[in-house]
Amino acid sequence: MKKALAVVAAVVLLAGVMSACGSKSEQNTANRADTKTGGESQASTKPVQLTWVHHFGEEGARKWIDLGIQKFKENNPNIDVEVIATEGGTTYKNFFNTKVAANDVPDIYMIDDIPGYQEIIDAGYAADLTGQPFLGNIGEQYLNGVKSEDGKIWALPIDTNGGGVTYNKDAFVKAGITEVPKTYSEFLAVCEKLKAAGIVPIAAGFKDSWVISWDINPDLLVTGVNSDTDWIKDVEAGKATFADNKGHFKEVLTRFVQRLPYMNDDPMGTNWDKVQELVASGKAAMVINGTWAVDGAKSKNPDANIGLFAFPSTENPDDAKFAMKSTGGIVVNPKSKNKEAALKLLETFSTPEVGEIFQNNKKGISVIKGLKPDFDPTYVELDANYLKPGKTFDWSQFSPDFVSTELGNAYVDGLTSLILDKNHDVDKAIKQLDDNFNKIRPLQK
């Protein structure tokens, strides 16, 4: 790699160990028991301690982890599992860079994509899972999202996620909207109707920096996959600039600033937890983000009437396709003294039983074979409308994230400046991004 892993200041680490994705929920849960493991007797076996770090903030995701660990302990009661939740996005990446620098990587942890964590993999902190029997429980197509270019598998995928629009159907009805928008102009018209009805069209929680990127990503994914899947890599490597407009980045930012007037007051002071509340209550109609927003909204209000639709970035209705892929998963640290116990945990989390727990609680589509997306009306609708040929696309080969933590931070800083700029000058923001990237790249060689 061209750079060493960044050593992040202690204040960033402290910021990282917060609730996942901005949730105000408790940060830690512990699951403990003392008896036997494997073929050893209870008297001769010492308890094993595992630490699992994740960045899930939604209540349903945390419940899946807790219930899955309970299932694991039924057969492995001597293995204790401490679960630690941190904030997501670049803070999570900074947290891990600090852990690597201190040689204090947990036994088990989550990653969102292989390219973004390649340096950590290269540093020897991810076990090669290729050939593990429990991977036979996973749909073959979903392993693409956890493979490196050499075909090795580095994580147990858990679900297939997408980028699109999560919306409150009752809010749409209140505003007299009878169908979801299929073109960009229709989308803006929907925003106007919602605003006229006294409903916040788009919930935005930019206090959590990762949310800024994900408000853009559903649009960015479509343009990137349809035009140039390498443009992020090329910009990172200095082979291209933002001003080159590969991947139609300028158009993506232009649409983003056009949406800003339809967002809630003080988006920079609003966090992800509040966004979920706004959509769940119907005070806000939509959030542009990942499919995990469904779990977030229903965690706040189980009776919320929630739907999903593809973000329409063009005037061609046929272009409104839903981006879906398996997005990372659970990683084992091979340097852990309890690696074998960690692999046992992954085996449990690959079973259909825990997959059902996942779907029923996290409200996401499991990658485990034999499970159908009939666990929630939102996903039944998504399956009927989008999860079929011609209406969805796989974005496994396109990452919207920068591998370098420093460049990733500079990218979010540039988007933040665009939001705070009273003129929302896209050309100015692009120039700032290029200037800052040009300053950072030479320092990484």
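If you're wondering where the values come from, they're calculated on a predicted model, not measured in any experiment. (Residues numbered from 1 in each chain as written. Predicted model: local features only at pLDDT ≥ 70, side-chain atom pairs only at ≥ 80, totals over all residues. Heavy atoms only, no water.)

What follows is about the overall build of the protein chain. Across its full length, the protein chain holds 16 helices and 13 strands. For the protein chain, the proportion of its 445 residues judged to be buried stands at 58%. Surface exposure of the protein chain reaches about 18000 Å², of which carbon and sulfur atoms provide 50%. (Helix = DSSP H or I, 4+ residues; strand = E, 2+ residues; numbered from the N terminus. Buried < 20%, exposed > 50% of the residue type's maximum accessible area, 1.4 Å probe, protein only. Areas by Shrake-Rupley, 256 points an atom, 1.4 Å probe, with all protein chains shown as cover.)

Once that is clear, we can look at the nonpolar core. In this structure, Phe242 and Met286 are the most contacted members of the largest nonpolar core, which totals 83 residues. If near-sequence neighbours (up to four positions away) are discounted, Phe242 is found in contact with Trp231, Val235, Phe249, Phe402, Tyr411, Ile430, Leu433, Asp434 and Phe437. Counting residues in hydrophobic clusters, the runner-up holds 56 residues, among them Tyr92, Ala126, Ile153 and Ala342. (Core = buried A, V, L, I, M, F, W, Y, C linked by side-chain atoms within 4.5 Å. Contact = heavy atoms within 4.5 Å.)

Once that is clear, we can look at empty space enclosed by the protein. Here the structure, examined in full by the defined rule, presents 4 cavities of 30 Å³ or more. In this structure, the largest cavity encloses a volume near 740 Å³. Taken together, 38 residues form the lining of the largest cavity, with Gly89, Asp112, Asp113, Trp214 and Asp401 sitting closest to its centre. Contributions of two or more residues to the lining of the largest cavity are made by α3 (89–101), β4 (108–111), β6 (159–168), α7 (209–227) and α15 (405–420). Broken down by class, the residue content of the lining of the largest cavity amounts to 16 nonpolar, 14 polar and 8 charged. (1 Å grid on protein atoms, 1.4 Å probe; cavity = no way out; pocket = protein on both sides within 12 Å on 5 of 7 lines; lining within 4 Å. Points joined across faces, edges and corners; volume = space filled by probe spheres on them. Nonpolar A, V, L, I, M, F, W, Y, C, P; charged D, E, K, R; others polar.)

For the structure shown, the criterion picks out 15 salt bridges. The residue Arg259 makes a salt bridge to Asp215 at a minimum N-O spacing of 2.9 Å. Of the two residues, Arg259 sits in helix α9 (residues 249–259) while Asp215 sits in helix α7, which places them 44 residues apart along the sequence. Comparing Arg259 with Asp215 shows no difference in burial state: the two are buried. Notably, a salt bridge pairs Glu277 with Lys274, separated by 3.6 Å at the nearest N-O pair. With a gap of 3 residues between them, Glu277 and Lys274 both fall in helix α10 (residues 272–281), about one helical turn apart. Looking at Glu277, the relative accessible area reads 32%, which means it is partly exposed. Taking the relative accessible area as the measure of exposure, Lys274 reaches 38% and is therefore partly exposed. Each of Lys71, Glu74 and Glu353 takes part in one network of salt bridges that share partners. (Salt bridge = Lys/Arg side-chain N within 4 Å of Asp/Glu carboxyl O.)

Turning next to the packing of aromatic side chains. Within the structure shown, the criterion is met by 29 aromatic pairs. A centroid spacing of 6.5 Å and a plane angle of 85° characterise the contact between Trp52 and Trp64, whose relative ring orientation is edge-to-face. Of this pair, Trp52 sits in strand β2 (residues 48–54) while Trp64 sits in helix α2 (residues 59–75), and the two are 12 residues apart along the sequence. Residues Trp52 and Trp64 agree in their burial class; the two are buried. Through pairs of rings, three or more aromatic residues link up here, namely Trp231, Phe242, Phe249, Phe402, Tyr411 and Phe437. (Phe/Tyr/Trp six-rings, centres within 6.5 Å; stacked < 30°, edge-to-face > 60°.)

Attention now moves to the layout of surface pockets. One number sums up the size of the second largest pocket: a volume of about 370 Å³. Lining the second largest pocket are 21 residues; nearest its centre among them are Gln141, Tyr142, Thr160, Met324 and Leu387. Elements with a minimum of two residues in the lining of the second largest pocket: β10 (322–326), β12 (365–366) and β13 (392–394).

A few words on the packing of α2 against helix α13 (residues 352–362). As a packed pair, α2 and α13 sit with axes 8 Å apart at the nearest point and diverge in direction by 155°. The pairing of α2 with α13 is recorded here as roughly antiparallel in orientation. When the axes of α2 and α13 are compared, the crossing they make is right-handed. Touching Gly60, Ala61, Lys63, Trp64, Leu67, Gly68 and Lys71 of α2 are Glu353, Val354, Ile357, Phe358, Asn361 and Lys362, all from α13. Looking at side-chain class alone, the contact of α2 with α13 contains 6 nonpolar, 3 polar and 4 charged residues. (Axes fitted to C-alpha atoms, helices over the stretch in contact; angles between N-to-C directions. Parallel < 35°, antiparallel > 145°, perpendicular 65-115°, else oblique. Left-handed = near helix turned anticlockwise from the far one by under 90°.)

The subject of this paragraph is helix α16 (residues 426–440). For α16, built from 15 residues, the straight-helix expectation of 21 Å at 1.5 Å per residue is met to within 8% by its first-to-last C-alpha distance of 21 Å. Considered for burial, the residues of α16 that qualify are Val426, Ala429, Ile430, Leu433, Asp434, Phe437 and Ile440. Around the axis of α16, the buried residues are gathered within 135° of arc, so they sit on the same side. Projecting away from the buried face of α16 at angles above 90 degrees are the exposed residues Lys428, Lys431 and Lys439. The backbone nitrogen of Asp427 has a side-chain oxygen 3.1 Å away, supplied by the residue at the start of α16, namely Asp425. (Expected span 1.5 Å × (residues − 1). Arc of directions from axis to C-beta. Polar contact = N/O pair within 3.5 Å; in protein donor to acceptor, adjacent residues only side chain to side chain.)

The element β6 is largely enclosed, with a buried count of 10 among its 10 residues. Of the pairings in the sheet, the one linking β6 to β12 comprises 2 bridges and is antiparallel in character. Of the residues in β12, the one forming a bridge with Asp159 is Ser366. Sheet topology places β6 next to β10; 4 bridges connect them, and they run antiparallel. By the bridge assignment for β10, Gly163 is matched with Ala323. (Pairing = 2+ DSSP bridges.)

The subject of this paragraph is unusual backbone geometry. Backbone geometry at Asp266 places phi at a positive 55°, although glycine is not the residue there. Tracing the sequence through the fold places Asp266 in the loop between α9 and α10. Phi is positive for Lys363, close to 60°, though the residue is something other than glycine. Secondary-structure assignment places Lys363 in the loop between α13 and β12. For Lys363, a relative accessible area of 17% gives the class buried.

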